[in-house]
Amino acid sequence: MEKTLFCELNNKVSVLFESEPAVVHVDFSSVILVGDLHGNIEALDLILEKGEELNCKKYIFLGDYVDRGDHSVELLSYLFKLKINHPDCFILLRGNHETAGTNAFYGLYDDLDKDDELFSLVNRTFEKMPIAAVLNENVFCVHGGIGEPVTLDLIEKEDYHPYLWNDPQAENGLKESPHRSCAQVFGPDICEEFLKLNRLDMIIRAHSELEDGYKWWFDGQLLSLFSTPEYCGSDNRGAFVFIEHDGCKTLDEALNTFVFGRSEDGSYSLLKVISHNSEIFEFYDSETGCTISIIFRFLQVNNILVTSYDHGGESPLCEGAVIADEYTFTEANAVEKVIIECRSIKTLDDLYPLLAKHSLEWKRLLDVDEEDLLCKKDFKELNKKVSSLFERESAVIHIERSSAMIVGDLHGNLEALVFILEAWKENNRPTLIFLGDFVDGGDCSIEILQCLFQLKIERPGGVFLLKGTHETAETNRLSGLYDELNEDDELFALVNSTFKKMPIAAVLNERFFCVHGGIGHPVTLDLIKKEDHHPYLWNDPQEDRGLKESPQRWGAELFGPDICEEFLRLNGLEMIIRARSESEEGYKWSFNEKLLSLFSTPGYCGSDNKGAFALIEDGKWKPVNDALKISVFGNPIVENKVRHKSLDFDTFQITNVENPYSLIDVVGHDSEKFEFYNYDSTISIHFYREMNEILVKWEYNGYDNPCLEGAEIVNRYTFTEPNIIDRLIAECESIETSDDMYALLKKHNHVAEQILVDV
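Model, not experiment: these values are computed from the prediction.

What follows covers the sheet that holds strand β29 (residues 575-578). Pairing is mixed in the open sheet, where six strands are placed in the order β20-β24-β25-β29-β31-β30. Of all the strands in the sheet, just β20 (396-399) and β30 (587-590) have a single pairing partner and so form its edges. Mean inter-strand twist for the sheet, computed between neighbouring axes without regard to direction, equals 20°. Pairing of strand β25 (residues 512-515) with β29, which is carried by four bridges, proceeds in the parallel orientation. Among the inter-strand pairings, C514 is bridged to a residue of β29, identified as I577.

What you tend to see is this: most non-glycine residues have negative phi, and most peptide bonds are trans. Of note in this structure, D67 is not a glycine but carries a positive phi near 75°. The backbone of N592 sits at a positive phi, close to 55°, despite the residue not being glycine. Counting through the fold element by element, N592 comes out in the loop between β30 and β31 (595-598).

Glancing now at the environment of G560. Note on placement: G560 falls in the loop between β28 (557-559) and α19 (561-571). For G560, a relative accessible area of 0% corresponds to the buried category. Residues G560 and R545, spaced 15 residues apart in sequence, show a C-alpha to C-alpha distance of 4.2 Å. When neighbours within four sequence positions are excluded, G560 is seen to be in contact with Q542, D544, R545, G546 and F591.

Across the sheet, which stays open at both edges, the three strands sit in the order β7-β9-β8 with mixed pairing between neighbours. With partners counted over all chains shown, the strands left at the sheet margins are β7 (167-168) and β8 (174-176), one partner each. Inspection of the sheet shows β7 paired to strand β9 (residues 184-186) by two bridges, in the parallel sense. By the bridge assignment for β9, D167 is matched with V185.

A few words now on helix α17 (residues 489-500). Helix length check: α17 (12 residues) gives 16 Å between terminal C-alpha atoms against 16 Å at 1.5 Å per residue, within 8%. Every buried residue of α17 is listed here: L491, F492, V495, N496, T498 and F499. The buried residues of α17 all sit within an arc of 150° when viewed along its axis, so they share a single face. Where α17 starts, the residue carrying a side-chain oxygen 3.1 Å from the main-chain nitrogen of E490 turns out to be D488.

With respect to the secondary-structure elements, H207 resides in the loop between β10 (202-205) and β11 (214-217). The exposure class of H207 is buried, given its relative accessible area of 6%. One polar contact links the side chain of H207 to the main-chain carbonyl oxygen of W165, over a distance of 3.0 Å. With residues near it in sequence (within four places) discarded, H207 still touches D36, N96, H143, G144, L164, W165, N166, D167, R180 and L225.

Conventions used here
Residue positions are given per chain, counting from 1 as you read along its sequence in written order. For this predicted model, a pLDDT threshold of at least 70 governs which residues receive local features, and a threshold of 80 or more governs which side-chain atom pairs are given and counted, while totals over whole chains, interfaces and linings are taken from all residues. Derived side-chain values reflect all non-hydrogen atoms in the structure, with water molecules and hydrogen atoms excluded from consideration. We treat two strands as partners when DSSP finds at least two bridges between them. Helix and strand definitions here come from DSSP, where helices need a minimum of 4 consecutive H or I residues and strands a minimum of 2 consecutive E residues; each element is numbered from the N-terminal end. Lines are fitted to the C-alpha atoms to define the axes, a helix being fitted only along its stretch in contact, and any angle between axes, read from their N-to-C directions, falls within 0 to 180 degrees. A simple rule labels every residue: compare its accessible area, found with a 1.4 Å probe on the protein chains alone, to the largest value its type can have, and call it buried under 20%, exposed over 50%, or partly exposed in between. Residues are treated as being in contact if the distance between any of their heavy atoms lies within 4.5 Å. By this rule the span expected of a helix is its residue count minus one, scaled by 1.5 Å. The arc in question is traced by the directions running from the helix axis to the C-beta atoms. What qualifies as a polar contact is a pair of N or O atoms within 3.5 Å, subject to a donor-acceptor requirement within protein and to the restriction that residues adjacent in sequence count only when both atoms come from side chains.

Right under this line is the structure:
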């Protein structure tokens, strides 16, 4: 992060902290509490993602954001930005590592490149942080603990020491800590007196590494949280708390502890939920050597988490491997029904039919090659369910995700959607943002809606559907949807009523503005309303400055680079990603790469254009040119293409489809690629200007040895000479064989760093 920007963040958030008292009183109907993070931004990503799924917008962080992790500065910057943008939703408390005496030695000073100016600035910011928070007048939230019991009004920011450093102990009393110098340990009597004095029910604190990420003390009066799995190389799990208060629940009923850790695919995932609102069945399967646990969750998620724990068996290398399958239910209170039936489960053969019986297991929704029958009644029910979700979403949705896939116009092209969803699965199912124009222009508008609506219902916090121009009645009546609905006026009115409730735009990680069309006169995001959708659906970019009437589209306007720049500046954003415009390659950059247009329908209306979608990885902290990649696809195999039959409303049948598309190219924001073929392999060369390096990828086609089909070897060549990449790209035009390629690399690179040996 640029030093100037980091200083600006500190100055802004410092003003907010200064305005908050030592003890912040907050009333949240639902809130997530997070323990120590210690620079673990991957843990923060998972917590924010689960918050989205739980529709929870309020967070209390209990301190220790920095030191001992790899991303202290990035994590701190991101939390500061969230606090600035949503000051009432994010409460950041001070931890003992938010003191200069600690973070000078445990990582932060080094992470700041030993910049004394920045180090002093950030610690001045820490000094203004609140010490504790009181949640709903019954939960005291703090990093460390308490000292001598006092009333809350006597706690001052300068008296932070016991609240940042102290720990609980099993014995009564208050005494010097045997583990931490200058700290104390307090017993159950001290805790009880403090709670009684301030009319509170519970303390939730952090500060202590824990094997399972959480620990209860003092007969449920104190809960410790630690939210950093694998802390300093250990094998501990992380945990956070979700409290959902509806006014009727007791605290025991409202509080749920989420435990997470490293899963088999290498990412963090949820391992279990411990709460009054969940129940666990567990049994051992001797045939597979695994322990199967089924976690029933009654919360808003209304689902089952089935985990398989491998004890190693014949392969000790598999010891501890965890596989998790998630089954979400649309039927209200389905979980209670399944629990009753689950009591008779003896084997896996009993378990999976039971789940299939009750659950529209969401992965099945992507298997478009199987018959999925929906009658007219069911399609109406689908609209009603998704309509209620859209109605709860604001005109501009704010999404916090490290990874997201962004999709442009689909226009009834179901094969394109199938291809994109396959890529989505291969990329570990990042958040999906669709930029509108789902219908018209293709043969499968209804099937597209059916699939996307069901996905939205099953994954409301992971799939976002924005409104496009063809999601308006005046357009889709004339362009195809009305005819596909067999001119059924009732269904046509229902679908367009659903479209009216759709959000207009999405802001990803407070950096990317995602919209179907464009922008009009620059305004702040809070002024955008669903009823004012016209410019955000219809407008297009132009090279000229200013805002003027579009010569191509009646009732629309064109906006120039100055309008784009002013809109981004006004809202503290970095880029606009929009759809709407067919382009030959499926994507197009405008305004010095401040605006990206995507079109995801290859062969649109008989043309030979390609389609494209964008994947943003680590989009919260990576520079845009590192985070964003564009996948281009197309190549329809017309002779093998199986089209859908026309539908009637009695069956709503989706027939088998052979996917006619293949990936053509993956384009980085700051990269370029060459590809050519040898007898038995494909050679691709990826040029990365910013990193000043080349990635050479060799993929075996398997002609002589089919067993090696798809085998890959990758070599990375890093260059010391600045700005050499553009010269190499120019010379690469003459490459015909791998011998030419390696001679070219050798000519320019004498200290090539090869990640894997040459073929």
